Amino acid sequence: MHYSDGAFYRPLFENDMLQLQVATGCSHNKCAFCDMYKQPFSPSPRNEIVQDLDEMKAFWPRCPRIFLAGGNALCLPQQELLFILEEISKRFPHATVGSFARVTDIERKTDEQLAQLASLGLTDISIGTESGLDCALADMHKGFTAKQSLEQCSRLERAGMAYNLFYLLGMAGFGRAHESAEATATLYGQLAPRRIMVHTMTAFNGTELSARIAQGDFRPAKELETVRELREFVELYQPRARVFLLGNHIGNVAHASAFLPDDRSELLRYYDSILKASDEETLARQRAAMTSI
C-alpha cells in the first residue's frame, strides 16, 4: 500500500474500514489549531490507486466500506473522483465510500456533480464545520462562514448524500461557551447530519494556535468550560432528525456518545456529574500531556 502524510487520519466511526490514500496533505492547511498534515497537498497517482485497490481486494474481498484518505479528498477534480469511485466499484460493487471534505470543496461542485458522486456510493462524508460562530471560524482561519456551512450541507441533502459534522469545543476561546454553543446549536438545527463528532480544540506544539497562546494573543477555554459548552449545546440543539452524537474522542473531557434527541436527559445528567466532580487542574494536566490527536 502507498501510504504517506496523513494517510491514517479518519473519523472514529471509520476505524474498521479500509483506507485508500487518494491525496497527500490538505489543500487548505491553514487552520490555526491543526498539526495533522506536513506535506503540500498533492493527488495520488492513478497507478498507485489501482495497485492499492488490487491489494485491498486480495486482503478483504468483500469490504463493505472504503475511506478515501487525504485531508479533504472531495477537493479533487470531478473526473479524478469519478475514476476512483468507478475503480472501487469494479472491485467492491457493494461497498460505500467516505471521505473528508471542506465546506468550500462542496461549494465548488455543481448539484449534478454531487448527485453523480452520491450515485457512485460516496456517502457519509465528514465535514469540519467546527462551529456556528463566524468570529471563531475567522479567527482560526477556517476559510468559510456558518452561512456557507448551511448552504453547502443543504446541497448535499438535495443530492442524496449523507454527511457528518465535526464540532470543535473551545474554538471560540475563554468565556465564550454560551455564545459558541448557541450559535452551533442554531446552525446544526437547520441541518440533518447523520453524526455530530465532538472534538475539543488542543494547542499542539508548532501550531499557530500554540504560538498565539504563548504570546498572550489567544486565551483558551478552560477544560470544564468546554464541558459546559457541550452541555449547553445538547440542551439547545433541536435536531431535524435523529442524530448520533459521537463524543468519545481522546481529547474530550466528556466521553459519552448517544442519540439525540432520545438520550438528551441522560447526557445532561452525565455532563452535570462531570462538572460537579471534576477538578480543573487535573484535567488541565491531562490536556497538557497530549502530543497529538
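Residues numbered from 1 in each chain as written. Predicted model: local features only at pLDDT ≥ 70, side-chain atom pairs only at ≥ 80, totals over all residues. Heavy atoms only, no water.

## A word on helix H9 (residues 223–236)
Now for step 1: With 14 residues, H9 should reach 20 Å at 1.5 Å per residue; the first-to-last C-alpha distance of 20 Å fits that figure.
Now for step 2: Extensive coverage of H9 is indicated by the burial of ten of its 14 residues.
Now for step 3: Turning to H9, its buried residues number three or more, namely Glu223, Leu224, Glu225, Thr226, Val227, Glu229, Leu230, Arg231, Phe233 and Val234. (Helix = DSSP H or I, 4+ residues; strand = E, 2+ residues; numbered from the N terminus. Expected span 1.5 Å × (residues − 1). Buried < 20%, exposed > 50% of the residue type's maximum accessible area, 1.4 Å probe, protein only.)

## With respect to a nonpolar patch on the surface
Now for step 1: Side chains of Met1, Tyr3 and Phe8 sit close together on the surface and give an oily, nonpolar patch of about 280 Å² of accessible area.
Now for step 2: With respect to the helices, strands and loops of the structure, methionine 1 is situated in the segment before strand S1 (18–21). (Patch = residues over 30% accessible without salt bridge, like charges linked within 9 Å, V, L, I, M, F, W, Y side chains within 5 Å. Areas by Shrake-Rupley, 256 points an atom, 1.4 Å probe, with all protein chains shown as cover. Salt bridge = Lys/Arg side-chain N within 4 Å of Asp/Glu carboxyl O.)

## Regarding empty space enclosed by the protein
Now for step 1: With the rule as written, the count across this model stands at one cavity of 30 Å³ or more.
Now for step 2: Its boundaries defined by the atoms lining it, the largest cavity holds a volume of some 30 Å³.
Now for step 3: Every residue lining the largest cavity is listed: Leu169, Thr200, Thr226, Val227, Leu230, Asn252, Val253 and Ala254.
Now for step 4: Sort the elements by how many residues they give to the lining of the largest cavity and H9 lands first, with three residues.
Now for step 5: Of the residues in the lining of the largest cavity, the class split is five nonpolar, three polar and no charged. (1 Å grid on protein atoms, 1.4 Å probe; cavity = no way out; pocket = protein on both sides within 12 Å on 5 of 7 lines; lining within 4 Å. Points joined across faces, edges and corners; volume = space filled by probe spheres on them. Nonpolar A, V, L, I, M, F, W, Y, C, P; charged D, E, K, R; others polar.)

## Section: the sheet that holds S1
Now for step 1: Strand order in the open sheet formed by eight strands is S1-S4-S5-S6-S7-S8-S9-S10, with mixed pairing between adjacent strands. Each having just a single partner strand, S1 and strand S10 (258–260) make up the two edges of the open sheet. Mean inter-strand twist for the sheet, computed between neighbouring axes without regard to direction, equals 30°.
Now for step 2: Across the face of the sheet, H9 comes into contact with strand S7 (163–169), strand S8 (195–200), strand S9 (243–246) and S10 while running at roughly 140° to S7. (Pairing = 2+ DSSP bridges. Axes fitted to C-alpha atoms, helices over the stretch in contact; angles between N-to-C directions. Contact = heavy atoms within 4.5 Å.)

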